[in-house]
Amino acid sequence: MKNQTVIVLDFGGQYKELIARRVRECGVYSVILPGNSPLERIRALDPIGIITTGGPMSVYKPDSPRCDKALFEMGVPILGICYGFQLMSYTLGGRVESCTVSEYGQTDMVCDPGSAFFAGFAQNQTVLMSHTDRVTAVPEGFVATAHTADCPVAAMENPAKKLFGVQFHPEVIHTEDGVKMIRQFLYSVCGAAGDYSMDDYIDRQVKAIREQVGSDKVLLALSGGVDSSVCAALLSKAIPNQLVCVFVDHGFMRKNEGDEIEAIFSKRDLQFIRVNAEERYLNKLAGVSDPETKRKIIGNEFVEIFQEEAKKLNDVKYLAQGTIYPDVIESGTDKASTIKSHHNVGGLPETMDFKGVIEPLRGLFKDEVRRVGRQLGLPRFLVERQPFPGPGLAVRVMGELTKEKLDILRDADAIFREEVDRLRKRPNQYFAVLTNARSVGVMGDERTYDYVLALRAVITDDFMTCEYAPLSHRLLSRVSRRITNEVKGVNRVTYDITAKPPATVEWE
Ligand code: XMP
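Residues numbered from 1 in each chain as written. Predicted model: local features only at pLDDT ≥ 70, side-chain atom pairs only at ≥ 80, totals over all residues. Heavy atoms only, no water.

The next subject is the environment of Ile273. Counting through the fold element by element, Ile273 comes out in strand β12 (residues 271-276). Overall, Ile273 belongs to the buried group, its relative accessible area being 17%. On a C-alpha basis, the gap between Ile273 and Cys245 in space is 6.0 Å, while along the polypeptide they are 28 residues apart. Filtering out sequence-adjacent residues up to four positions away, Ile273 remains in contact with Val244, Cys245, Val246, Phe247, Glu309 and Leu313. (Helix = DSSP H or I, 4+ residues; strand = E, 2+ residues; numbered from the N terminus. Buried < 20%, exposed > 50% of the residue type's maximum accessible area, 1.4 Å probe, protein only. Contact = heavy atoms within 4.5 Å.)

Now the structure itself:
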């Protein structure tokens, strides 16, 4: 049975995924499409509602993303947010102008509780504003339903046509009643039945996988990351003993990680193959210090090893992948869809001959994947794990790789993570990097000449940009003391305080 669907039309705003997730949290399935999607594509999904997102452009500029005017005449309820609101206004004959005073951050707003959109809400609201343009005249048939000190039209509506627009961002927590407003739009305006729930997701997928696969065998490249691990757990529930997981241990995993992955998955009803390829990788990478070359060699080698293993398993008919929804969302408003090539472990060869590909997590956001993982009984540390690059510690040891350098980093990184893990509020990603620099130090009466280690901890929503995490000096000095005392080969510890941009999260 098909779920009711709300389409999130993306006009380039940073919150498109958040909007889609909020809709799902309200019990309604959502998909994200580019803002300029043809109407036929939109109609084909038979949406009960459409939400148009924010975006960085000005609607009155000639090259700004637009939509078909007929979108507003389809009879489908629409909620325009920020740019989406301005676009609705502009397209239907309202006026949009540059702000005399831009509004950024939490703002006091007065709304009309007699309006359809704000029915039942308090007149005074705190909302998140982030705009440099504003609607100064609403289109015919619309009424303004909210204002702030600097924004005469903070919301508008044409309830007869079920068209609504808000200048603020209801999807973020800084808009205190924002989620309630989205819920009201979904249930009172779109007539949502609330038929989307993660509760029966596992059962539905188990059934679908069994139907697709029959009695054939399935091969999964298991990296130990959240997505491929949850995929493995789901498949092993659906088709016990028909699943083969190949875990290529390149030797660049964190401390004890390879063994932990093996311990978890060799207990499940699946065939688990661990390929210990550390030596092979180190030989291939000997003398290589350029980051991109390192990454390429690691990716290519993975494909080779995986192919070698697949060849040995000639009765395998399907390939499974832990692709998740953010991997397949078409970005921005570009006509050409930019689909991020999956996977953590590097692209798999197209030449491999399979009857089909199985991607049971393809429709899920990361938090939904984690929930499925928890329901399937995967340990917390695996399900909650922070992002970890496919090439692993190979891109956290600067320059040429040696086993000695990797072991030093593994020990130092484990100490840093252990200390940060004790915090109640943790950064989004935190790890250690072994730099290529050596410095002079003194330990006891001895002069040392050892590696300089860098700590990196970042705060971010989407990993596209980040700020460094303001870890306390107390924590940093404890970590520094522990690392220099406990890890041989490091005599100096630094903390990376660079944002992205101009830096990146990883060092290579
Ligand atoms: P950068 O360094 O580009 O990292 O700012 C952004 C986020 O992506 C992660 N990252 C990777 N993830 N394969 C992955 O699956 C990779 O090759 C890779 N490189 C970086 C990084 O850890 C951060 O979370």
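Right, let's talk about helix α11 (residues 366-375) for a bit. Residues Glu368, Val369, Arg370, Val372 and Gly373 constitute the buried set of α11. In the segment just after α11, Gly377 is the residue with positive phi, at about 85 degrees.

All right, on to the pattern of salt bridges then. For the structure on display, the rule yields 39 salt bridges. The closest approach of N and O atoms between Arg478 and Glu419, which form a salt bridge, is 2.9 Å. Highlighted residues: Arg478 in helix α14 (residues 473-486) and Glu419 in helix α13 (residues 403-421), separated in sequence by 59 residues. Note that Arg482 and Glu419 form a salt bridge whose closest N and O atoms lie 2.8 Å from each other. Placement of the pair is Arg482 in helix α14 and Glu419 in helix α13, with a sequence separation of 63 residues. An identical accessibility class is assigned to Arg482 and Glu419; each is buried. Among the charged side chains, a network of salt bridges with common partners joins Glu418, Glu419, Arg422, Arg478, Arg482 and Glu486. (Salt bridge = Lys/Arg side-chain N within 4 Å of Asp/Glu carboxyl O.)

A few words now on the site of the ligand. With respect to spatial proximity, twelve residues lie near the ligand, and among them Arg295, Gln429, Lys500, Val505 and Glu506 are the closest. Lys500 is positioned with one of its side-chain polar atoms (N or O) 2.6 Å from an oxygen atom of the ligand. Between Val505 and the ligand, the recorded distance is 2.7 Å, taken from a backbone N or O atom to an oxygen atom. In isolation the ligand has 500 Å² of accessible area, and contact with the protein removes 74% of it. Residues of the shell around the ligand, tallied by class, amount to five nonpolar, four polar and three charged. (Near = heavy atom within 4 Å. Polar contact = N/O pair within 3.5 Å; in protein donor to acceptor, adjacent residues only side chain to side chain. Areas by Shrake-Rupley, 256 points an atom, 1.4 Å probe, with all protein chains shown as cover. Nonpolar A, V, L, I, M, F, W, Y, C, P; charged D, E, K, R; others polar.)

Looking now at the sheet that holds strand β3 (residues 49-52). Reading across from one edge, β2-β1-β3-β4-β9-β8-β7-β5-β6 is the order of the nine strands in this open sheet, with mixed pairing throughout. Edge positions in the open sheet fall to β2 (29-34) and β6 (124-137), since each of these has one partner strand only. If you compare each strand with its neighbour and ignore which way they point, the axes differ by 20 degrees on average. Bridge analysis of strand β1 (residues 5-10) against β2 gives six bridges, and the strand direction is parallel. Looking at the pairing, Thr5 lines up with Tyr29 of β2. (Pairing = 2+ DSSP bridges. Axes fitted to C-alpha atoms, helices over the stretch in contact; angles between N-to-C directions.)

On the basis of which strands lie adjacent, the open sheet formed by five strands has the order β12-β11-β10-β13-β14 and parallel pairing. The outermost strands of the open sheet, each flanked by one partner alone, are β12 and β14 (356-358). Going across the sheet, the axis of each strand differs from the next one's by a mean of 30 degrees, ignoring polarity. By the bridge criterion, four bridges tie strand β10 (residues 217-221) to strand β11 (residues 243-249) in an arrangement that is parallel. Across the sheet, Ala221 pairs through a bridge with Val246, a residue of β11. Seen against the sheet, helix α7 (residues 257-265) touches β11 and β12 and runs at an angle of roughly 165 degrees to β12.

Before going further, it helps to examine the domain arrangement of the protein chain. In terms of domains, the protein chain is made up of domain 1 (5-189), domain 2 (201-383) and domain 3 (396-495). Just the C-alpha atoms count here: the centres of domain 1 and domain 2 sit 38 Å apart. Each partner contributes to the interface: domain 1 provides 17 residues, whereas domain 2 provides 13 residues. Of the roughly 1,200 Å² buried at the junction of domain 1 and domain 2 (both faces included), carbon and sulfur atoms supply 50%. Put simply, Asp367 and Arg21 hold a salt bridge, and the shortest N to O gap is 3.2 Å. Summed over the shared surface of domain 1 and domain 2, the number is four residue pairs in polar contact (both at pLDDT 80 or more). At the level of secondary structure, the elements contributing two or more residues to the side of domain 1 that touches domain 2 comprise α1 (16-25) and β2. No other element matches the six residues that α1 contributes to the side of domain 1 that touches domain 2. Here the residues of the side of domain 1 that touches domain 2 are counted per class, giving seven nonpolar, three polar and seven charged. (Domains from an automatic or database assignment. Buried area = accessible area lost by both parts, 1.4 Å probe.)

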